[in-house]
Amino acid sequence: MRYKWIYDHAVLGKFLILSNGKQITDILIETAEELSLDSEDGRNQTVLQVASAWLDAYFAGQRPNPLVLPLCPKGTAFQQNVWKRLLQIPYGETISYGQLAAELAVQMGKQRMSAQAIGGAVGRNPISIVIPCHRVIGANGSLVGYASGLERKRWLLQHETGREWKI
């Protein structure tokens, strides 16, 4: 059984939080198709209430630890490795796709890894904001590649860093 909770943010829009009843499987910035997903209302699901409270704290400027949430993103082993590394990027800091590729290549015992492969895994992150894919930027510091739109990425980085970001 899947459960859903709609979280509404004044600037970024609606988020769809999905759970299997015990773990968070997705936090998606809404689309009409996602909001109509076949799932039960999760208002009584503790895990969804905890995820909503986490987002409240994040948007209030606090730095909630993503590891307190029971996360269960679905993906390949490679994607899982990338998402685990994303969880290690500190609040308000960024890393480039190339830096991430170089780090993961070493970790996985490879000579090199393409930034495009990393970008593909980052772009398939199903748990937006909590798994902070918005903290991955272009080699020259530019805002590139955010599945929910560069304007949202810019907003999230400005929220975390307090500095102006250009698209």
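Note that this is a predicted model, so its numbers are computed, not measured. (Residues numbered from 1 in each chain as written. Predicted model: local features only at pLDDT ≥ 70, side-chain atom pairs only at ≥ 80, totals over all residues. Heavy atoms only, no water.)

### With respect to the pattern of salt bridges
Part 1 of the reasoning: Scanning all chains against the criterion turns up three salt bridges.
Part 2 of the reasoning: Where R135 meets E160, a salt bridge forms, and the shortest distance between an N and an O atom there is 2.8 Å. One end of the pair, R135, is in the loop between α5 (115-123) and β6 (136-137); the other, E160, is in helix α6 (residues 150-161), and 25 residues separate them in sequence.
Part 3 of the reasoning: R135 sits in the buried class, given a relative accessible area of 7%.
Part 4 of the reasoning: Between R154 and E151 there is a salt bridge, with its nearest N and O atoms 2.2 Å apart. With R154 and E151 both in helix α6, this residue pair falls three residues apart, about one helical turn. (Salt bridge = Lys/Arg side-chain N within 4 Å of Asp/Glu carboxyl O. Helix = DSSP H or I, 4+ residues; strand = E, 2+ residues; numbered from the N terminus. Buried < 20%, exposed > 50% of the residue type's maximum accessible area, 1.4 Å probe, protein only.)

### Section: the packing of aromatic side chains
Part 1 of the reasoning: Scanning the model with the defined rule gives seven aromatic pairs in all.
Part 2 of the reasoning: Ring centres of Y58 and Y91 lie 6.0 Å apart, and the angle between their planes is 70°; this geometry places the pair in the edge-to-face category. Linking Y58 in helix α2 (residues 46-59) with Y91 in the loop between α3 (77-86) and β5 (95-96), this pair joins segments that are 33 residues apart in sequence.
Part 3 of the reasoning: For Y58, a relative accessible area of 1% corresponds to the buried category.
Part 4 of the reasoning: Clustering of aromatic rings is evident, with ring pairs tying together Y7, F15, W54, Y58, F59, Y91 and W155.
Part 5 of the reasoning: Lying over the aromatic face of W165, R163 brings its terminal NZ or CZ to 3.9 Å of the ring centre. (Phe/Tyr/Trp six-rings, centres within 6.5 Å; stacked < 30°, edge-to-face > 60°. Lys NZ or Arg CZ within 6 Å of the ring centre and 35° of its normal.)

### Structural notes on α5
Part 1 of the reasoning: Along α5, the residues classified as buried are I118, A121 and V122. Down the axis of α5, the sector holding all buried residues measures 100°, keeping them to one side. (Arc of directions from axis to C-beta.)

### Some words on the pairing of strand β3 (residues 24-29)
Part 1 of the reasoning: With six of its six residues buried, β3 lies for the most part within the structure.
Part 2 of the reasoning: Two elements, strand β2 (residues 13-19) and β3, share five bridges in a ladder whose sense is antiparallel. By the bridge assignment for β3, F15 is matched with I29.
Part 3 of the reasoning: The hairpin turn running from β2 into β3, its antiparallel successor, is four residues long, and G21 in that turn takes a positive phi close to 105°. (Pairing = 2+ DSSP bridges.)

Purely geometric stuff here, so don't read any function into it on its own.
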